[in-house]
Amino acid sequence: MAKGRGKRDKAVKRQYEMLPYPPRDPKDEATRLIEGSPSHLDEVNHYLFAGKCDFTQPFNALVAGGGTGDAAIMLAQHLADRGEAGQVTYLDLSTASRKIAEGRAKIRGLKNITFLTGSLLDLPKMDLPLFDYIDCCGVLHHLEEPEAGLTALAECMAENGGMGLMLYATLGRTGVYPMQNALKALAAGDTVSEQIKSAKILLKDLPPSNWLNKNAAVGDHKLDQDAALYDLLLHPRDRSYLVPEVLDLLATAGLELVSFIEPARYDPELYLKDRDLRKKARKLDTGKQAALAENLAGNIKTHSFYVRKAGGETQGLAKFDPEMIPFLKDGNREALAHTLTVRTSLTVHFDREAVSLPVPKRAAEFVKQIDGVRCLRDIQNDLSTDWPNFRAQYAPTYKFLNGLNLLWLKSS
């Protein structure tokens, strides 16, 4: 077992030295900032710190398995935009990936990142300060023992801190693992370049009945990028999770779920139309609701979510309270308000699958009031109503937009 594990460890490291992933060109930092979930700083504040974190004060973040730098660069830029107190530690096994991430930071002039090379399993022995926030995306599912990796991260997190995690999801990756097994049989012992060549040939010859051909949610093998193809179909160590397995993994490290992203995808009422079935779904606890939604959707290919220590001090989700300030993720209230005015339903795409959602009543009216400055109490007063009526009328729009990860809250 130990010998096999060591061989796989070396194979994983070799992959990312030869094929840093995702492919990035540092020069692109001059024209764009890649932002996403988890770890967008405003999103972190909403889900882990009740919208009340002051990022002008010391804030210590870790990106464990930083790869070519997407999360580390985003976090560092967001923190730098708020002052000089926030710091990011980047950790990765691959020196080639680290070089790319360092190049990106240099182009941006970011001075608030410490770059380290190593394994997240060794974090408890590195004599680092405890972290207020930890990002670990696309890493744990490549470890021999994900439980040990998550436990190591939990040991390095402050009591009032939290994590943003991403794990592969089983149902949305239908077809991936049979193809991995096929390539192991056909390309065992080949060099990396020979494996990639075999994979490309095989993909051209797949019959229509092959599940990977049928899975519209998975497309990394169609990007014409060797690093993406290898990471999807030739990775030496790779597993996926169903929602109950995610929750079990968290429990092994003394952690608890705060929220999946986007929340709407994990609400079974998104997929259930029958009134009686919806009533039954509402009686389930949060974890069982999420598991039901996953089984109904069938195409969730990654689980992104926020966690905190079980029973810990992290404040968790921001609440729809009078003194909280609502703000749109992209800040484009005019366009969104117009869309909600002219449509009774909104079509969104989850992993390339179109889903139609009914627009709540008076949604456009609420969105028009959101300027990112005024709190809910101010908006309530402008609309000449009392708080109970305001909440009853507009909380459904908040839930609707937050469920799509378009609307967050912060303290005034």
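Everything in this summary refers to the structure shown in the same document. On a predicted model such as this, the values are computed, not experimentally measured, just so you know.

### Notes on the sheet that holds strand 6 (residues 255-261)
Ordered by their spatial adjacency, 7 strands build an open sheet running 3-2-1-4-5-7-6, and the pairing between neighbours is mixed. Looking at the sheet topology across the chains shown, the edges are occupied by strand 3 (113-117) and strand 6. Between one strand axis and the next, the sheet turns by 20 degrees as a mean value, whatever way the strands run.

### Comments concerning the packing of aromatic side chains
Under the criterion given, the structure shown has 15 aromatic pairs. Centroid distance Phe320 to Tyr398: 5.4 Å. Interplanar angle 40 degrees. Geometry classified as tilted. One end of the pair, Phe320, is in the loop between strand 7 (302-309) and strand 8 (324-328); the other, Tyr398, is in helix 16 (residues 387-403), with 78 residues separating them in the sequence. Of the two residues, Phe320 and Tyr398, neither departs from the other in class, the shared state being buried. Where Phe366 meets Tyr394, the ring centres are 5.5 Å apart and the plane angle is 20 degrees; that geometry is what we call stacked. Linking Phe366 in helix 14 (residues 363-368) with Tyr394 in helix 16, this pair joins segments that are 28 residues apart in sequence. Per residue, the accessibility class of Phe366 equals that of Tyr394, and both read buried. Cluster of aromatic residues (ring-pair linked, three or more members): Phe320, Phe366, Trp387, Phe390, Tyr394 and Tyr398. Residue placement shows Arg173 over the ring face of Tyr168; its charged tip is 3.6 Å from the ring centre.

### Looking at the pattern of salt bridges
Inspection of the entire model under this criterion finds 27 salt bridges. A salt bridge links Arg374 to Asp382; the shortest N-O distance between them is 2.1 Å. For Asp382, a relative accessible area of 48% gives the class partly exposed. If you follow the salt bridges from partner to partner, you end up with Arg24, Asp28, Glu29, Arg32, Asp70, Arg104 and Arg108 in one network.

### Section: unusual backbone geometry
Residues other than glycine predominantly adopt negative phi, and peptide bonds predominantly adopt the trans conformation. In this model, Ser37 is joined to Pro38 through a cis peptide bond whose omega is -10 degrees. Turning to its location among the elements, Pro38 is positioned in the loop between helix 1 (2-18) and helix 2 (41-48). Each neighbour pair has its own omega, and for Ile261 with Glu262 the value is -5 degrees, a cis peptide bond. Mapping Glu262 onto the fold places it in the loop between strand 6 and helix 11 (275-282). Although it is not a glycine, Ser384 adopts a positive phi angle of roughly 55 degrees. Relative to the helices and strands, Ser384 resides in the loop between helix 15 (376-382) and helix 16.

### As for helix 6 (residues 176-187)
Two residues of an α-helix separated by three or four positions point the same way, owing to the 3.6 residues in each turn. The terminal C-alpha atoms of helix 6 lie 16 Å apart, and with 12 residues this matches the ideal 16 Å at 1.5 Å per residue to within 8%. When helix 6 is considered as a whole, its buried residues turn out to be Val176, Met179, Gln180, Leu183 and Ala187. Looking down the long axis of helix 6, one finds its buried residues gathered within 105 degrees of arc, a one-sided arrangement. The inward-facing, buried residues of helix 6 contact helix 7 (192-205), helix 8 (211-214) and helix 9 (226-233). Looking one or two places after helix 6, you find Gly189, whose phi comes out positive at around 85 degrees.

### Observations concerning a positive patch on the surface
There is a patch of like positive charges on the surface, built from Arg275, Lys279, Lys280 and Lys283. Residue placement: Lys280 occurs in helix 11. A relative accessible area of 57% means that Lys280 is categorised as exposed.

### Regarding the side chain of Asp132
Secondary-structure assignment places Asp132 in strand 4 (residues 131-137). Lacking a salt bridge, the buried Asp132 has Lys309 as its closest oppositely charged neighbour, with an N-O distance of 11 Å. Among the polar contacts made by the side chain of Asp132, one reaches the main-chain amide nitrogen of Asn60 at a distance of 2.7 Å.

### Some words on the state of the cysteines
Tallying each qualifying case throughout the model produces 0 disulfides. There is no disulfide at Cys156, and the cysteine sulfur nearest it, in Cys136, is 11 Å away. The buried category is assigned to Cys156, whose relative accessible area is 8%.

How each quantity is defined
- Residues numbered from 1 in each chain as written.
- Predicted model: local features only at pLDDT ≥ 70, side-chain atom pairs only at ≥ 80, totals over all residues.
- Heavy atoms only, no water.
- Pairing = 2+ DSSP bridges.
- Helix = DSSP H or I, 4+ residues; strand = E, 2+ residues; numbered from the N terminus.
- Axes fitted to C-alpha atoms, helices over the stretch in contact; angles between N-to-C directions.
- Phe/Tyr/Trp six-rings, centres within 6.5 Å; stacked < 30°, edge-to-face > 60°.
- Buried < 20%, exposed > 50% of the residue type's maximum accessible area, 1.4 Å probe, protein only.
- Lys NZ or Arg CZ within 6 Å of the ring centre and 35° of its normal.
- Salt bridge = Lys/Arg side-chain N within 4 Å of Asp/Glu carboxyl O.
- Expected span 1.5 Å × (residues − 1).
- Arc of directions from axis to C-beta.
- Contact = heavy atoms within 4.5 Å.
- Patch = residues over 30% accessible without salt bridge, like charges linked within 9 Å, V, L, I, M, F, W, Y side chains within 5 Å.
- Areas by Shrake-Rupley, 256 points an atom, 1.4 Å probe, with all protein chains shown as cover.
- Lys, Arg positive; Asp, Glu negative; His and termini not counted.
- Charge placed at Lys NZ, Arg CZ, Asp CG, Glu CD.
- Polar contact = N/O pair within 3.5 Å; in protein donor to acceptor, adjacent residues only side chain to side chain.
- Disulfide = S-S within 2.5 Å.

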